Amino acid sequence: MQYKILWEPSEELKNNSGMKKFLDFANKRFGKKINDYGDLFEWSVSDPGGFWGSFWDFSDIIHSKPYEQVVDDPKKMPGAKWFEGTGMNFAENLLRRRDDHPAIIFRGETGISKTYTFNEVYKTAQGIAEGLKKLGVKKGDRVAAFMPNLPETVIAMLATSSIGAIWSSTSPDFGVKGVLDRFSQIKPKVIFSVDGYFYNGKQFDSQAKLRDILHELPTVEKVVMTDYAGTLDLGSIDNSMKWDDLQGPAEGEMEFEQLPFDHPLYIMYSSGTTGLPKSIVHSQGGTLIQHLKELMLHSDVKKDDRVFYFTTCGWMMWNWFVSSLALGATIVCFDGNPFHPSPEALLEMADELEITLFGTSAKYIASLEDAGVVPS
């Protein structure tokens, strides 16, 4: 059977890719002759310790203590111990760039837009982390978000992980039962939320659902509210405060709790099609190094790229694309209906913002096709 090649990278693109640079790095380090992707894949599965140890150095992961060994027993899956002895922090790696280049660009379907520089993200995350500490949040506590895909959501996650607390998020379009099926399992101490959100030209209130959720979550000690829709009513939400009032002083250097490689970072969930959604814990080190591998090698993301993924905070692709910050890339957050006010909305945004990686779903592409939209 003959296959038609739709696209092939130029030699220049190949030679400047993260994949080629890592291949050359590994060859020089180990005296190997890895010539192509097939060779690289074979090495990764035949010598996982060598592969991941090499990638740890190549990706320049920030850490305070060296690891004792890459892996104790790679055949013990699950149960293998990776990078034991190291001390590190996920947020410190994502907040390594601190200049006035755009870090987060937000676009909402109503035309709301915001831009945070890397320095602003760092300072705001520092202030939110100080605020969380004053609320008593400490290493191992759970912090949850019932939030749209806003810059504040990303920053709250970074602040949470800087302390060593564990982050879990859902989207405000979830029903009360869907949120409780997830958050009642993890017993969060603090919840971040909003007053409302927008979809398909309509405004939806989040506060009524939030009150019902909080009624069934007695472990929540404080609710931090972002005024997104302009309808914030703090008086109707027990133990609530505004986002701006949570921020503590952002002076000096931000503190990053140094944690083991396998310290919990995220709690995500299965779909819940067979009973309650199953809680899935992802470690800070495992999440970081796997995301960096996919972003640097497979997606070829580089400093100053602009990375977008059409996702809510309830899908794991949100967690994935946010890690692009570790490479100095700009992330583009979108909230709303991707077909509002027209089917071309996201494509026009990609053009306007010069997005270099556009992540989406098969359903979105099929919907474009049904609408007769052909991206140029």
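Residues numbered from 1 in each chain as written. Predicted model: local features only at pLDDT ≥ 70, side-chain atom pairs only at ≥ 80, totals over all residues. Heavy atoms only, no water.

Participant: Can you lay out the packing of helix 4 (residues 48–58) against helix 11 (residues 284–298) for me, pointing to particular residues and giving the numbers?
Facilitator: The interhelical angle for the contact between helix 4 and helix 11, taken along N-to-C directions, is 75°, at an axis separation of 11 Å. Classed by the angle they form, the pair helix 4 and helix 11 counts as roughly perpendicular. Mapping the contact onto sequence places Phe-51, Trp-52, Phe-55, Trp-56 and Phe-58 in helix 4 and Ile-289, Gln-290, Leu-292, Lys-293, Met-296 and Leu-297 in helix 11. (Axes fitted to C-alpha atoms, helices over the stretch in contact; angles between N-to-C directions. Helix = DSSP H or I, 4+ residues; strand = E, 2+ residues; numbered from the N terminus. Parallel < 35°, antiparallel > 145°, perpendicular 65-115°, else oblique. Contact = heavy atoms within 4.5 Å.)

Participant: So, the pairing of strand 7 (residues 142–146): which residues are in play, and what are the values?
Facilitator: Among the 5 residues in strand 7, 4 count as buried, and that is most of the element. Here strand 7 runs beside strand 8 (residues 166–170); their pairing, made up of 5 bridges, is parallel. Paired with Ala-144 across the bridge in strand 8 is Ser-168. Between the parallel elements strand 7 and strand 8, the chain passes through helix 7 (residues 151–163) in a crossover that is right-handed. (Buried < 20%, exposed > 50% of the residue type's maximum accessible area, 1.4 Å probe, protein only. Pairing = 2+ DSSP bridges. Right-handed = clockwise from strand over helix to strand, strands pointing away.)

Participant: Please set out the packing of aromatic side chains residue by residue, giving values where relevant.
Facilitator: Using the criterion set out here, one finds 31 aromatic pairs in the structure. Ring centres of Phe-90 and Tyr-266 lie 5.9 Å apart, and the angle between their planes is 75°; on these two criteria the pair is classed as edge-to-face. A residue pair is termed long-range when its members are at least 10 positions apart, and Phe-90 in helix 5 (residues 90–94) and Tyr-266 in strand 14 (residues 264–269) qualify at 176 residues. Look at Phe-90 and you get buried, because its relative accessible area is 0%. Note on Tyr-266: relative accessible area 1%, which makes it buried. (Phe/Tyr/Trp six-rings, centres within 6.5 Å; stacked < 30°, edge-to-face > 60°.)

Participant: Tell me what's going on with the nonpolar core, and back it up with residues and numbers.
Facilitator: Ranked by size, the top nonpolar core spans 86 residues in total, and within it Leu-158 and Phe-192 carry the most contacts. The next biggest cluster of nonpolar side chains, apart from the first, holds 20 residues, and it includes Ala-144, Val-179, Ile-237 and Tyr-269. (Core = buried A, V, L, I, M, F, W, Y, C linked by side-chain atoms within 4.5 Å.)

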